[in-house]
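# Observations on the three-dimensional arrangement
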Amino acid sequence: MNDFSKIPLAKPIAEALEATGYTKPTPIQVQAIPQVLEGRDLLGIAQTGTGKTAAFALPILDRLSRKPGRPPHMSTRVLILAPTRELAGQIAVNFKKYGQFLKLTVGTVFGGVPINRHIRQMQKGTDVLVATPGRLIDLIDRKAMNLDHVEVLVLDEADQMLDLGFIHALRRIVPLLPRRRQTLFFSATMPKSIADLAGQYLKDPAKVSVAPAATTAERVTQQAFYVNPGDKHALLVKTLGDLDYDRVLVFTRTKHGADKVVRKLEQAGISSAAIHGNKSQPQRERALAAFRSGYCKVLVATDIAARGVDVPGVSHVINYEIPNVPEQYVHRIGRTARAGADGLAISFVANDERPYMRDIEKLTRQKVEVLDLPDGFSIPEIPQSSSPANAAKPRGAKPGNRRRRSRSAGRQGANKNRNGQSGNRKARGAS
């Protein structure tokens, strides 16, 4: 099945695919679409950039087109849950694109928008609703909507949903749904928590996977600088000045860090914008629009805000700060090398981030190339008390006597930080 014409989709959907220039399905679409068309529950392991939205959107639209009906009052026929407002908006855009020749309504509800607007929207009901769990719970609590008529439930980016603490919201939402429904479950990774959740919500699901969990994009060249923390701003300015880029995504771990990077870049005469949870929805939309158009070529983002940022032409990803959850690194670098293009991911690694890079290399089974620092930058010294035994050594570093630290000690430190960050996240703030 190497083209969409071989997939038995309703004529209006096939025409929409032709109008958008889509002819060849991706591997996840080849595996998932026939299963969903048969009405089966599905567990899909697929990372960002694999075409998974179309993998569930196309068969869902086919189902709705073959069983037309009026949108249910204060409810929806299809409910799609997404962890962030950006991802929710991107999913809705794709549904409208694939369903452009169908008379269907597609709605979104997420935080950052006055809730009265969503209350009015839901009075008439909608065929497809894309929602973040927090705002959906708000509407249910206000008696502004119910879930009595949901035929299909989709949980997208399930691992991120759990990471953001939405498990409690899911436990409230799912019991309100009809028992007779089709459930589609997509996740980039398959930890035990996701397997357990899938076991609770799916009935005899088909299982599809496009690649082993946590593999990185093959066309992304991965490089790293080992750098002193205080030199990162200057190194970013220097790197951006040396690169020939179309669009660059710069990742930080915190909202404050993202704003600080933007201020430093503006001082250096480099136009940039930030997106994160503290930005209002209009601010986020303006920043994304400028980035998509190419007016602003540098976008600084946190991991959570970047979910759903599907912008073609991202030539470079810069990890200004290394994520302490290695799977996040995979998501980050997957933002480049889309649609057959090449991509470059560059990481700025401080001494206290070396254990994170070691975990990333273990997860991805790839060594990241370590680059020499440009002239004027000093190679960071590795503290004897904290240098992991198997830490990558910067080129040009002088050998010295270093105490060896056990692998388990480094891992415990990384896990401690990882758990600490996860515990401080607020689920509703991300919606």
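Not measured: the values here are computed from a predicted model. (Residues numbered from 1 in each chain as written. Predicted model: local features only at pLDDT ≥ 70, side-chain atom pairs only at ≥ 80, totals over all residues. Heavy atoms only, no water.)

### Digging into the overall build of the protein
Summing up its helical and strand segments, the protein has 17 helices and 14 strands in all. Long-range contacts, defined here as pairs at least 24 residues apart, represent 76% of the contacts in the protein between residues at least 6 apart. Entry remark: accessible area of the protein is about 19400 Å², with carbon and sulfur atoms responsible for 49%. (Helix = DSSP H or I, 4+ residues; strand = E, 2+ residues; numbered from the N terminus. Contact = heavy atoms within 4.5 Å. Areas by Shrake-Rupley, 256 points an atom, 1.4 Å probe, with all protein chains shown as cover.)

### Some points on the packing of aromatic side chains
Centre-to-centre distance and the angle between the planes together describe a pair of aromatic rings. For the structure on display, the rule yields five aromatic pairs. Seen from their ring centres, Phe 56 and Phe 186 are 5.4 Å apart, and the 45 degrees between their planes marks the pair as tilted. Here the residue Phe 56 occupies a position in helix H3 (residues 52-66), and Phe 186 occupies one in strand S6 (residues 182-187), the gap between them amounting to 130 residues. A relative accessible area of 0% means that Phe 56 is categorised as buried. Through a chain of ring-to-ring contacts, three or more aromatic side chains come together here, namely Phe 56, Phe 95 and Phe 186. Above the ring of Tyr 320, the side-chain terminus of Lys 232 is found at 5.8 Å from the ring centroid. (Phe/Tyr/Trp six-rings, centres within 6.5 Å; stacked < 30°, edge-to-face > 60°. Buried < 20%, exposed > 50% of the residue type's maximum accessible area, 1.4 Å probe, protein only. Lys NZ or Arg CZ within 6 Å of the ring centre and 35° of its normal.)

### Quick look at the pattern of salt bridges
As enumerated under the stated definition, the model contains 17 salt bridges in all. Ionic pairing is found between Arg 172 and Asp 141, a salt bridge with its closest N-O pair at 2.8 Å. With Arg 172 in helix H8 (residues 167-173) and Asp 141 in helix H6 (residues 133-141), the pair connects residues that are 31 residues apart, well separated along the chain. Its relative accessible area of 41% is what places Arg 172 among the partly exposed residues. Among the residues examined, Asp 141 registers a relative accessible area of 42% and is labelled partly exposed. A salt bridge links Asp 196 to Lys 192; its shortest N-O distance comes to 2.9 Å. Taken together, the residues Asp 196 and Lys 192, both in helix H9 (residues 192-201) and four residues apart, mark about one turn of the helix. By relative accessible area, Asp 196 is classed as partly exposed at 36%. On the accessibility criterion, Lys 192 (63% relative accessible area) is exposed. Among the charged side chains, a salt-bridge network with shared partners connects Lys 52, Asp 156 and Glu 157. (Salt bridge = Lys/Arg side-chain N within 4 Å of Asp/Glu carboxyl O.)

### Some remarks on the pairing of strand S1 (residues 42-45)
In S1, alternate side chains face the same way, and those of Leu 42 and Gly 44 on one face and Leu 43 and Ile 45 on the other are all buried. Pairing geometry for S1 and strand S7 (residues 206-209), over four bridges, is parallel. The partner of Leu 43 across the bridge, within S7, is Lys 207. (Pairing = 2+ DSSP bridges.)

### Comments concerning the confidence of the model for the protein
Taken as a whole, the protein shows an average pLDDT of 84; of its residues, 84% reach a score of 70 or greater. Within the model, the stretch residues 385-431 combines pLDDT values under 50 with 74 contacts to residues more than four positions away or in other chains. (pLDDT = per-residue confidence, 0-100.)

### What about the side chain of Arg 284?
Topologically, Arg 284 is positioned in helix H12 (residues 281-293). Its relative accessible area of 2% is what places Arg 284 among the buried residues. Reaching out from Arg 284, the side chain makes a polar contact with the backbone oxygen of His 276 at a distance of 2.9 Å. (Polar contact = N/O pair within 3.5 Å; in protein donor to acceptor, adjacent residues only side chain to side chain.)

### Things to note about the nonpolar core
In this structure, Phe 56, Leu 58, Ile 60, Ile 80, Phe 95 and Leu 184 are the most contacted members of the largest nonpolar core, which totals 41 residues. Broken down by element, the residue count for this core peaks at eight residues, all from H3. Contact partners of Leu 58, with chain neighbours within four places excluded, come to Phe 4, Leu 9, Ile 13, Leu 17, Ile 33 and Tyr 98. Of all hydrophobic cores here, the second largest spans 37 residues; its members include Leu 43, Leu 129, Met 145 and Ile 167. (Core = buried A, V, L, I, M, F, W, Y, C linked by side-chain atoms within 4.5 Å.)

### Considering helix H5 (residues 115-123)
Residues Ile 115, His 118, Ile 119 and Met 122 constitute the buried set of H5. Down the axis of H5, the sector holding all buried residues measures 105 degrees, keeping them to one side. In this structure, the buried side of H5 is in contact with strand S3 (106-109), strand S4 (126-131) and H6. Backbone geometry just after H5 places Gly 125 at a positive phi near 80 degrees. (Arc of directions from axis to C-beta.)

### Description of helix H4 (residues 85-98)
Every α-helix winds through 3.6 residues per turn, so residues three or four apart in the chain are directed the same way. In this model H4 runs 20 Å from its N-terminal to its C-terminal C-alpha over 14 residues, within 8% of the 20 Å that 1.5 Å per residue would give. Within H4, 10 of the 14 residues are buried, which leaves it mostly tucked inside the rest of the structure. If you check which residues of H4 are buried, you get Arg 85, Glu 86, Leu 87, Ala 88, Gln 90, Ile 91, Ala 92, Asn 94, Phe 95 and Tyr 98. (Expected span 1.5 Å × (residues − 1).)

### Focus on the sheet that holds S3
A sheet is described by the order of its strands in space; here seven strands give the open sequence S3-S4-S2-S5-S6-S1-S7, paired in parallel fashion. Looking at which strands have only one partner, the edges of the open sheet turn out to be S3 and S7. For this sheet the average axis-to-axis angle between neighbouring strands, irrespective of direction, equals 15 degrees. As paired elements, S1 and S6 share four bridges and run parallel to each other. Opposite Gly 44, over in S6, you have Phe 186 as the bridge partner. (Axes fitted to C-alpha atoms, helices over the stretch in contact; angles between N-to-C directions.)

### Section: the packing of H4 against H12
Between H4 and H12, whose axes approach to 12 Å, the crossing angle comes to 60 degrees. Considering their axes alone, H4 and H12 lie oblique with respect to each other. When you trace H4 past H12, the crossing you get is right-handed. Residues Arg 85, Glu 86 and Gln 90 of H4 form the contact with H12, whose participating residues are Gln 281, Arg 284, Leu 288 and Arg 292. Broken down by class, the residue content of the contact of H4 with H12 amounts to one nonpolar, two polar and four charged. (Parallel < 35°, antiparallel > 145°, perpendicular 65-115°, else oblique. Left-handed = near helix turned anticlockwise from the far one by under 90°. Nonpolar A, V, L, I, M, F, W, Y, C, P; charged D, E, K, R; others polar.)

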